[in-house]
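Observations on the three-dimensional arrangement
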Amino acid sequence: MRFHLTKIAIALSAVTIGTAALADAPAVPKKSSYKVGFAQTESNNPWRLAESKSFQDIAAKCNWQVISTDAGGSAAKQVADIDSLIAQKVDLLVFPPREDKPLVPAVMKAKKAGIPVILVDRDVDHALAKPTQDYITFIGSDFVDQGRRAAQALAKAMGSKGTIIELEGSTGASAATDRKKGFDAEIAKYPGMKIVASQSGDFNRDKGRQLAQTLMQAHPDANAIYAHNDEMAIGAITAIEAAGKKAGKDIMLVSIDGQRNALEAIVAGKLIATVQSSPYFGPAACKVAQASANGEKIPAWVKVEDKIYDITNAAKDMDEGF
Ligand code: AHR
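Anyway, here's the lowdown on the structure attached to this text. Everything numeric in this text was worked out from a predicted model, so none of it was measured. (Residues numbered from 1 in each chain as written. Predicted model: local features only at pLDDT ≥ 70, side-chain atom pairs only at ≥ 80, totals over all residues. Heavy atoms only, no water.)

**Observations concerning the sheet that holds strand β11 (residues 224-227)**
Sheet architecture is open: six strands sit in the order β10-β9-β11-β12-β13-β15, paired in mixed fashion. Edge positions in the sheet fall to β10 (193-200) and β15 (308-309), since each of these pairs with one other strand and no more. Sheet topology note: the β11/strand β12 (residues 252-257) ladder contains three bridges and is parallel. In the strand pairing of β12, A224 is matched with M252. Against the sheet, helix α7 (residues 230-242) touches β9 (162-168), β11, β12 and β13 (273-276), its axis set at about 155 degrees to β12. Contacts from helix α8 (residues 260-267) reach β13 and β15 within the one sheet, and its direction differs from that of β13 by about 145 degrees. (Pairing = 2+ DSSP bridges. Helix = DSSP H or I, 4+ residues; strand = E, 2+ residues; numbered from the N terminus. Contact = heavy atoms within 4.5 Å. Axes fitted to C-alpha atoms, helices over the stretch in contact; angles between N-to-C directions.)

Take a look at the structure:
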């Protein structure tokens, strides 16, 4: 059977040495129903809530009994949560690793216990744990490309001239590392654009607001903000308005996710664009698990294809926002 995942394209084929695939990650067993552990990183924003809901929504269809945990924004707590799910002998573990190194021992412990793992949304450091070899696969977006597309949208809106403040996501999260990599490399192609400050706002709305306030005071010449997610962009808009400035005029903003508040901000002229980053991993994880149980070869990366929202489609596509 071939893989057909809506909006998802298979990007890479499984790592191979000679003719033998390094497919030694535990596979999903063939059963009529499954106990599935879903270890969430935190639940303090619409993106995370939508992601968790997509697993609850798929549960009955996929014959999954989902046991969910919430790490409250702590990588250490997420590791402990996964330990507990392993102790409960779940049939399958699915989780977004909050940070790319601290969650590696959890992947390895599951592997040792013979429990299959599917990583969604964020990945772990491939120098320490490898898809197909240590875990089945990574299902997620191309974060480098998201950053690159955000930079292109900003450059286009600003006539290739701008002084930019960057609000980074959680330190050590693959989403933050790669969104920075893609954006910074693209901006470097424009001689008239420079990034004057770049610090972590932890993907959090209020931390993003506070950071934007501090960095705008330190860099009064800044006329653009790139936020690694919509929550921080919305926080930054609050900071801009509190400073008596106009978002979308005095300070241009671009971000990533596609949450409803951000689409509304685009329609209101406050945000140039947001690159979509879908949180709906439940259906894709279900298909991957079924394929694994059927003995199919799973690629190392099941890539999610993202669109971009701007003034041309934000109103029309408002209901896609979460
Ligand atoms: O890993 C994906 C990021 O995590 C989303 O962009 C963000 O909103 C979330 O917290």
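**Brief notes about the packing of aromatic side chains**
This structure, assessed with the given rule, holds five aromatic pairs. Pairing F183 with Y226 gives two aromatic rings, centres 3.7 Å apart and planes at 15 degrees, and the pair type is stacked. Note that F183 is positioned in helix α5 (residues 174-187) and Y226 in strand β11, a separation of 43 residues in sequence. (Phe/Tyr/Trp six-rings, centres within 6.5 Å; stacked < 30°, edge-to-face > 60°.)

**As for helix α6 (residues 205-218)**
The terminal C-alpha atoms of α6, which comprises 14 residues, lie 20 Å apart, in line with the 20 Å expected from a rise of 1.5 Å per residue. Taken together, the buried positions of α6 are occupied by G208, L211, A212, L215 and M216. Angular distribution of buried residues about the axis of α6 spans 130 degrees; they occupy a single face of the element. Buried-residue contacts for α6 involve β9, β10, β11 and α7. Sitting at the amino-terminal end of α6 is N204, which places a side-chain oxygen 3.0 Å from the backbone nitrogen of D206. (Expected span 1.5 Å × (residues − 1). Buried < 20%, exposed > 50% of the residue type's maximum accessible area, 1.4 Å probe, protein only. Arc of directions from axis to C-beta. Polar contact = N/O pair within 3.5 Å; in protein donor to acceptor, adjacent residues only side chain to side chain.)

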